[in-house]
Each structure stands twice: as structure tokens, then as C-alpha cells.
Amino acid sequence: MKTSVVSNEYQKLQEEIMKLQEQWKQNLNPDSIDFRLDSEAMKTGVPLVALTNFDVKFPLFVQWVDELKQLLMSQNADLESQLNRVIELIDEETAKVWMEEAFSFNHLYFKKFAEENVLDEWIPPFLAETLFRPYLQLLSEKTQSKISQAVAGCGCPVCGEPVRLGQLEGKGQKILYCPRCHANWPEKKLSCSHCGNEDYEKMKYLTVEGKPTEQIHVCDECKGYTKIIDTRQFITKPSPEMLDLKTIHLDYIAQENGYMVMGEIKK
Ligand SMILES: [Zn+2]
Ligand SMILES: [Zn+2]
């Protein structure tokens, strides 16, 4: 079975982007995020990001767009004119709107922005999401010690991203990781993160031949799945987004078998 579905070039680019995001995060003033750890709201599944104000500094935003532009152009010089156009179009107000729309996954907003400004459809949402992540990752870093559980079906407790990845750690405990903001939290081994089902007869593991460290936990109640990787023997542990990317073959296998990233809650 072919298990490397992502090209090396693409992986390399992702690694470079992640390095940039790490630098950006380290240069962020910790006061640029103002969060309210409202445990009552969070118990109902409201992600912390919805209880947070982000103070986006425009000069920093422009600098990041420019650094990202240089990196993307090193892979594809043809992007120059479009990326320059983005830089011309962005003003302080647009930067704020972009961060808000990235936060709420508003694909329609970005689609319209791309159409109106004759940009490839992927460019605005990709830039906005890439620039928003350092803020999310700082938020998760600052609050990780307070994050100990999630509400089934509500995604990552910090950023709301659908749950799709976990690792086995220690004595085999299942720890879920968010590839978007890096938050992690424990989950019962036989519990579905999408619908909360704990009926072991409806929870199954799919495995991949020749890949003993990889499992897909699937739930026949909601048809959701989660990729669980046993990283205990790994010499270097990849970051959650890299692990997510390197195991994309598991997403294909799960989906070929009729499972979905987000399960469906039956009414
Ligand atoms: Zn998250
Ligand atoms: Zn389920």
C-alpha cells in the first residue's frame, strides 16, 4: 500500500511555514491575546478562542505577509503578482477582518474576497489561517495547563478545530492533539471524541498492514474517526501538524471505509 501521499516538496514547504510560525509566535507580545477562562462556558463546548480578544498589530501583520510571500515565491515564482496584490489590498481594517474570519472558518468571506480581487481561491484563506495560527498557538501554550478535557463533538477546546489526531503516550494513554493550535488533552481509549459513544461494540480500530504504530479509531454510532499514533518509540516526535500531514493516508483509508472527519450526531 502506498502510504506517502504527500510529496516531499510539499512537506518541506509545510516545515518551512511551521518554522516561520514558531518565530512569529515567539515575537508576539503575550499581551496581544486577552482570554477569559470561563470554565462554565467551556464545559458546554465553547472553545477558548471564542472567549479571547486578539490584538493584531498591523505592521507585524504586513511583515508576516511579506515573509510568507518570500517563502511561497521560493517554491513558485509565478505567485509574485498575486501576492503583491494582496499586500496592496490589505489595510489595517482588512487585517482585522481576516483574523476574525479565519477564527470563524468563514470560507464564503474568503471566496468572495478572492473573486472580487482576482486571486486564486486558495490564497486569501491560506494566508489568513497561516497568520492566525501563531496567535492560536500562543493561546494554547498559555492555557495548556488548564486544558484537561474536551466536550465530545465540539472539537478542540482551545480553537474548535475538529478532532482527528491523537497519540499513545506513557502507559498507552490516548492523548488527543490539535494540529491547528497544538493543544492536547486526554481521552478515554474507548470513547468517541465526536459523539461521546462509549459502547465498545460500536468502537473499532482499523489498522494498516506494516504500520504497527498507526491506528484509526472509528465509531459506528456517528461514523466519525480519529487517527491514533503510537509515538512512544519515535526518536524525535513530530509536531502535531506534521504528524497529521504524515498520516494523511489514514484519512483516505478511514474515508474509503465510510467514516468522516466529523461524525454525524443522530437526532
Ligand atoms: Zn486547537
Ligand atoms: Zn461517535
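Please read these numbers as outputs of a predicted model, since none were measured by experiment.

Describing unusual backbone geometry
Next up, step 1: The backbone phi angle of Val118 is positive, close to 50°, even though this residue is not glycine.
Next up, step 2: You can see Val118 is positioned in the loop between α6 (107-116) and α7 (123-143).
Next up, step 3: Classification of Val118 as exposed rests on a count of 8 C-beta atoms within 10 Å.

Considerations on the domain arrangement of the protein
Next up, step 1: We note that the domain assignment places domain 1 (8-146) and domain 2 (165-256) within the protein.
Next up, step 2: Computed from C-alpha atoms alone, the centre-to-centre distance between domain 1 and domain 2 is 26 Å.
Next up, step 3: Each partner contributes residues to the interface: domain 1 has 10 residues there, and domain 2 has eight residues.
Next up, step 4: Contributing elements (two or more residues each) for the side of domain 1 that touches domain 2: α1 (8-27) and α7.

Digging into the nonpolar core
Next up, step 1: Leu139, Cys156, Val158 and Cys181 are the most contacted members of the largest nonpolar core, which totals 34 residues.
Next up, step 2: Every element with two or more residues in this core is listed here: α3 (58-75), α4 (80-89), α5 (92-103), α6, α7 and β4 (173-177).
Next up, step 3: Take this core: its biggest share by element is eight residues, from α7.
Next up, step 4: Both domains that furnish three or more residues to this core are identified here as domain 1 (8-146) and domain 2 (165-256).

Considering the UniProt feature "coiled-coil region" (unreviewed entry) in the protein
Next up, step 1: In the UniProt entry, the feature "coiled-coil region" (unreviewed entry) is given for residues 65-96.
Next up, step 2: Secondary structure content for residues 65-96 is 81% helix and 0% strand, and the end C-alpha separation is 14 Å.

Re the sheet that holds strand β3 (residues 165-169)
Next up, step 1: Strand order in the open sheet formed by six strands is β5-β4-β3-β8-β7-β6, with mixed pairing between adjacent strands. In this open sheet, the two strands that pair with only one neighbour each are β5 (184-187) and β6 (203-208). Direction aside, the axes of adjacent strands within the sheet are offset by 30° on average.
Next up, step 2: Relative to strand β8 (residues 225-230), strand β7 (residues 211-219) runs antiparallel, the two being bridged by five bridges. Bridging across to β8, Ile216 finds its partner in Lys227.

Focus: the UniProt feature "domain: FdhE C-terminal" (unreviewed entry) in the protein
Next up, step 1: In this numbering, the UniProt entry assigns the feature "domain: FdhE C-terminal" (unreviewed entry) to residues 191-260.
Next up, step 2: The straight-line gap between the two end C-alpha atoms of residues 191-260 is 16 Å; of that span, 23% is helix and 30% is strand.

A word on the packing of α6 against α7
Next up, step 1: With their axes 8 Å apart at the nearest point, α6 and α7 run at an angle of 125° to one another. In terms of axis orientation, α6 runs oblique to α7. Contacts between α6 and α7 involve His107, Phe110, Phe113 and Ala114 from the first element and Ile123, Pro124, Pro125 and Ala128 from the second.
Next up, step 2: Broken down by class, the residue content of the contact of α6 with α7 amounts to seven nonpolar, one polar and no charged.

Observations regarding α5
Next up, step 1: Along its 12 residues, α5 runs 17 Å from first to last C-alpha, staying within 8% of the 16 Å computed at 1.5 Å per residue.
Next up, step 2: Residues of α5 that are buried include every one of Ala95, Trp98, Glu101, Ala102 and Phe103, and no others.
Next up, step 3: Here the buried face of α5 lies against α3, α6 and α7.
Next up, step 4: Once α5 ends, the next one or two residues include Phe105, with phi positive near 50°.

Calculation rules
- Residues numbered from 1 in each chain as written.
- Chains lettered and ligands numbered in written order.
- Predicted model: local features only at pLDDT ≥ 70, side-chain atom pairs only at ≥ 80, totals over all residues.
- Helix = DSSP H or I, 4+ residues; strand = E, 2+ residues; numbered from the N terminus.
- Buried ≥ 20, exposed ≤ 12 C-beta atoms within 10 Å, placed from the backbone.
- Domains from an automatic or database assignment.
- Contact = placed C-beta atoms within 7 Å.
- Core = buried A, V, L, I, M, F, W, Y, C linked by C-beta atoms within 7 Å.
- UniProt positions renumbered as here; feature names shortened; annotations may be inferred.
- Pairing = 2+ DSSP bridges.
- Axes fitted to C-alpha atoms, helices over the stretch in contact; angles between N-to-C directions.
- Parallel < 35°, antiparallel > 145°, perpendicular 65-115°, else oblique.
- Nonpolar A, V, L, I, M, F, W, Y, C, P; charged D, E, K, R; others polar.
- Expected span 1.5 Å × (residues − 1).

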